[in-house]
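Close look at the chain arrangement
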Amino acid sequence: MTSQSNRKSGLIIALILLALSAFSNIYFLTEYSSKEDQLAAENLLFAQKDSLQMELQRMEDSLALVLAQLDDQGGSLVAKSELMAAQAEIAQLRKQLSMTSVQGSGSGSKSKIISSQLQDAQDQIAELHQQVNAVVRENDHLLTSNDELRERNQLMGAEFEDLESRVNKGKRVYFGSLMTHGFTSEGAKTTKANQIRNLSVSCDALENVLITNPIFEEVTIRIIDPNGGILSTTNTSLQNKSDVYSLKESLMFDGSKQKVTFKFPLKGELDRKLKKGQYTTELWTGGLLRQKNTFELF
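How each quantity is defined
- Residues numbered from 1 in each chain as written.
- Predicted model: local features only at pLDDT ≥ 70, side-chain atom pairs only at ≥ 80, totals over all residues.
- Heavy atoms only, no water.
- Helix = DSSP H or I, 4+ residues; strand = E, 2+ residues; numbered from the N terminus.
- Buried < 20%, exposed > 50% of the residue type's maximum accessible area, 1.4 Å probe, protein only.
- Contact = heavy atoms within 4.5 Å.
- Areas by Shrake-Rupley, 256 points an atom, 1.4 Å probe, with all protein chains shown as cover.
- Phe/Tyr/Trp six-rings, centres within 6.5 Å; stacked < 30°, edge-to-face > 60°.
- Lys NZ or Arg CZ within 6 Å of the ring centre and 35° of its normal.
- Pairing = 2+ DSSP bridges.
- Polar contact = N/O pair within 3.5 Å; in protein donor to acceptor, adjacent residues only side chain to side chain.
- 1 Å grid on protein atoms, 1.4 Å probe; cavity = no way out; pocket = protein on both sides within 12 Å on 5 of 7 lines; lining within 4 Å.
- Points joined across faces, edges and corners; volume = space filled by probe spheres on them.
- Nonpolar A, V, L, I, M, F, W, Y, C, P; charged D, E, K, R; others polar.
- Core = buried A, V, L, I, M, F, W, Y, C linked by side-chain atoms within 4.5 Å.
- Axes fitted to C-alpha atoms, helices over the stretch in contact; angles between N-to-C directions.
- Salt bridge = Lys/Arg side-chain N within 4 Å of Asp/Glu carboxyl O.

1. Observations regarding the overall build of the chain
Within the chain, the secondary structure is distributed over three helices and eight strands. Listing the helices and strands of the chain from first to last along the sequence gives α-α-α-β-β-β-β-β-β-β-β. Per-residue burial over the chain gives 30% buried out of 298 residues. Taking all contacts inside the chain whose residues are at least 6 apart in sequence as the whole, residues at least 24 apart take part in 68%. Accessible area of the chain: about 19500 Å², with a carbon and sulfur share of 54%.

What follows is the structure in structure tokens.
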């Protein structure tokens with residue numbers, strides 16, 4: 001009887017020890033699993049936090065580059081202001097993330113709070129991306145428009161300079177057809193070479209609306225005899241025929257049509273008789289031949 005009772009007591013004790021061992025194993029397994037889950041959750045939050053910090057750093061670098069380009073290209077002040085505001089917001093987000101402690105976030109409620117904070121930061125970063133991209137696109141559009149306007153202004157400036165140059169070139173005296181006549185000592189017209197004591201060269205200075213203020217135009221007259229010689233009273237010693245002239249006078253012109261007459265010789269009368277034959281009269285201004293005519297003396 002006593003032996004049977006002892007066996008029964010031993011069995012109960014063994015069962016109790018077995019239950020305690022099983023409970024202990026379950027407890028330790030559960031605790032180990034919980035710590036693993038906690039560590040995995042913390043690692044996930046750490047990775048998310050680091051990812052957000054890296055994304056903020058990339059955004060800061062991009063913004064600094066865009067702002068430098070705006071300074072170089074003369075971007076709008078509005079765009080600069082908005083991008084600088086974005087920079088300030090990024091700095092604030094970085095500060096918030098640096099103050100967010102992931103370590104020891106074992107409890108479910110704390111882990112959810114940190115995860116929610118990181119998600120909010122991620123949402124703000126996404127919104128900042130959209131704002132910055134919108135500002136950059138708008139500024140790129142403005143810069144493109146400015147470049148087009150600059151090119152257009154340069155083209156208009158070149159066209160204006162060309163037009164101004166043409167107008168300035170047009171601000172000169174334009175002459176009508178030349179007429180050359182011989183006069184006797186008594187002032188009568190004649191074509192007889194032995195009677196001529198003066199020659200008169202006349203033409204019209206034509207109207208020029210481009211001239212609004214009086215200008216002075218130097219006029220050179222060359223009268224060429226039948227042998228190719230230049231009638232001259234002052235330049236007979238010159239060797240180069242192209243430098244010899246009959247008359248050189250300065251004409252004042254106000255833009256309105258007027259009759260112009262040049263007398264040769266300028267003072268007194270010819271000191272020699274002219275030859276019979278065909279003569280040529282040339283009118284030069286600015287180094288260019290403007291008008292010429294021929295006349296016959298008998």
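2. What to know about the packing of aromatic side chains
The full count for this structure, using the stated rule, is one aromatic pair. Above the face of the Tyr-174 ring, Arg-172 is positioned so that its terminal group lies 3.8 Å from the ring centre. Over the face of the ring belonging to Tyr-245 we find Lys-248, whose NZ or CZ atom lies 4.5 Å from the ring centre.

3. Describing the sheet that holds strand 1 (residues 179-183)
Ordered by their spatial adjacency, four strands build an open sheet running 2-1-3-6, and the pairing between neighbours is antiparallel. If you trace the sheet from one side to the other, it starts and ends with strand 2 (189-190) and strand 6 (258-264), each paired once. Strand direction decides the pairing type here: strand 3 (residues 198-205) and strand 6, joined by seven bridges, are antiparallel. The partner of Asp-204 across the bridge, within strand 6, is Lys-259.

4. A closer look at the side chain of Thr-190
Here Thr-190 lies in strand 2. For Thr-190, a relative accessible area of 11% puts it in the buried group. Here Gln-195 takes part through its side chain, which lies 3.4 Å from a polar atom of the side chain of Thr-190. Sequence-distant contacts of Thr-190, defined by excluding residues within four places in its chain, comprise Gly-182, Phe-183, Thr-184, Gln-195 and Ile-196.

5. Let's talk about the pairing of strand 4 (residues 215-224)
Within strand 4, seven of the ten residues are buried, which leaves it mostly tucked inside the rest of the structure. One ladder, built from five bridges, connects strand 4 with strand 7 (residues 277-285); its direction is antiparallel. In the sheet register, Ile-221 faces strand 7, and the bridge partner there is Leu-283.

6. Description of the layout of surface pockets
Here the largest pocket defines a volume of roughly 190 Å³. If you go around the largest pocket, the residues you meet are Glu-218, Thr-220, Arg-222, Ser-242, Asp-243, Val-244, Tyr-245, Lys-248, Trp-284, Thr-285, Gly-286 and Gly-287. Where the lining of the largest pocket is concerned, the elements lending two or more residues are strand 4 and strand 7. Top contributing element to the lining of the largest pocket by residue count: strand 4, with three residues. Among the residues making up the lining of the largest pocket, the classes are represented as three nonpolar, five polar and four charged.

7. A look at the environment of Asn-293
With respect to the helices and strands, the residue Asn-293 is situated in strand 8 (residues 288-297). With relative accessibility at 14%, the residue Asn-293 sits in the buried group. For the pair Asn-293 and Thr-281, spaced twelve residues apart in sequence, the C-alpha separation works out to 5.4 Å. If near-sequence neighbours (up to four positions away) are discounted, Asn-293 is found in contact with Leu-178, Met-179, Thr-180, Tyr-279, Thr-280 and Thr-281. Here Thr-180 takes part through its side chain, which lies 3.2 Å from a polar atom of the side chain of Asn-293.

8. Describing the nonpolar core
One finds Leu-199, Ile-221, Ile-223, Phe-262, Leu-274 and Leu-283 to be the most contacted residues of the largest nonpolar core, which totals 26 residues. Going through the elements one at a time, strand 3, strand 4, strand 5 (247-253), strand 6, strand 7 and strand 8 are the ones with two or more residues in this core. Per-element tally for this core: the top contributor is strand 3, with four residues. Residues within four places of Ile-223 in sequence aside, it is in contact with Leu-199, Val-201, Gly-229, Ile-230, Leu-231, Ser-246, Phe-264, Tyr-279, Thr-280, Thr-281 and Phe-295. Residues Leu-56, Leu-67, Leu-83 and Val-132 belong to the second largest nonpolar core, which totals eleven residues.

9. Topic: the sheet that holds strand 7
On the basis of which strands lie adjacent, the open sheet formed by four strands has the order 5-4-7-8 and antiparallel pairing. Two strands in the sheet have a free side with no partner beyond their single neighbour: strand 5 and strand 8. With strand direction ignored, the average angle separating the axes of adjacent strands in the sheet is 25°.

10. Description of the pattern of salt bridges
Counting across every chain of the model gives three salt bridges. A salt bridge links Arg-222 to Glu-282, with the nearest nitrogen and oxygen atoms 2.9 Å apart. Of this pair, Arg-222 sits in strand 4 while Glu-282 sits in strand 7, and the two are 60 residues apart along the sequence. The same class applies to Arg-222 and to Glu-282, which are both buried.

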